[in-house]
Amino acid sequence: MSILSVRPATGRAGHLSSKFLFFLAATLLAMAANAAEVDAGTVPDTVKQRLTACTACHGEQGRATNDGYYPRIAGKPAGYLYNQLHNFREGRRRYPMMTYLVDHLSDAYLQEIAHYFADQHPPYPAPQPFDQSNATRERGETLVNKGDPAKKIPACIACHGSAMTGVMPATPGLLGLPRDYLVGQIGAWKNGARHAKAPDCMAQVVQRLSADDIGAVSAWLAAQPVPADAVAVAPTSVKLPLSCGSVPN
């Protein structure tokens, strides 16, 4: 079974952008190379081989690339990865390249993809250095660890774990992600381009963040080193600050 079938992008995928055309051309070249190897009898039908379309952007094993936008998906909780693939397929997240890849895949295959990348644990890159003012750095650290009660903003660690490495089975870690990606995704929630299953707790939180808050949180998170043993932790009995439809009760 191939993860990518070659056909015009229609419906939710919208018109082909120049970026999409570049991605599609790169993917087709990779597929052609794989096809040649298959003809030579050298490529087995494995999940890894079938997910070449994913690693073209997300890097080998899903470790991310250095362009600052495509995120690391390796080692994320399988429940979180499945939720995001499902959200792309159902239109709650909007990115034409992802929609094109998953809109014809079954739930079972999305689960297989999610579990494959959840089981990958390549090393993390060094954190990104940024020139931040003391005020920006302090604001980012405060929002992550304490939140802002006056604005009804819970601490990030209340949901994403005390070490910000994620909580099983469906809450991702936020360390090791590029600042540009974090800004882009928080911004997508802010302007309504990204959604999760209702009740959408992230959408509620993000609406209370200012543009400066988003910049401070993203820069602070991207600048933090990732622990060598970074894994999503087991769920606790502590009640989440908000009800989240993407997190099983």
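Residues numbered from 1 in each chain as written. Predicted model: local features only at pLDDT ≥ 70, side-chain atom pairs only at ≥ 80, totals over all residues. Heavy atoms only, no water.

### Observations concerning the side chain of Q84
Then comes step 1: Mapping Q84 onto the fold places it in helix 4 (residues 78–90).
Then comes step 2: Apart from the residues within four sequence positions on either side, Q84 is in contact with R93 and R194. (Helix = DSSP H or I, 4+ residues; strand = E, 2+ residues; numbered from the N terminus. Contact = heavy atoms within 4.5 Å.)

### What about helix 4?
Then comes step 1: Over its 13 residues, helix 4 runs 18 Å from end to end, which matches the ideal 18 Å to within 8%, given 1.5 Å per residue.
Then comes step 2: In terms of burial, helix 4 is a largely internal element, 11 of the 13 residues being buried.
Then comes step 3: Elements in contact with the buried residues of helix 4: helix 5 (96–102), helix 6 (107–118) and strand 2 (171–172). (Expected span 1.5 Å × (residues − 1). Buried < 20%, exposed > 50% of the residue type's maximum accessible area, 1.4 Å probe, protein only.)

### Considerations on the state of the cysteines
Then comes step 1: A complete count under the given rule lists 1 disulfide for this structure.
Then comes step 2: The disulfide partner of C201 is C244, and the gap between their sulfur atoms is 1.9 Å. In this structure, the disulfide formed by C201 and C244 twists by about 115° around the S-S bond and is classed as right-handed. Taken as a pair, C201 in helix 10 (residues 201–206) and C244 in the segment after helix 11 (211–222) lie far apart in primary sequence, 43 residues in all.
Then comes step 3: C201 sits in the buried class, given a relative accessible area of 12%.
Then comes step 4: Here C54 is not cross-linked by a disulfide; its sulfur's nearest cysteine counterpart is in C57, at 9.0 Å.
Then comes step 5: Free cysteine: C159, not disulfide-bonded; nearest cysteine sulfur from C244 at 5.1 Å.
Then comes step 6: For C159, a relative accessible area of 19% gives the class buried. (Disulfide = S-S within 2.5 Å.)

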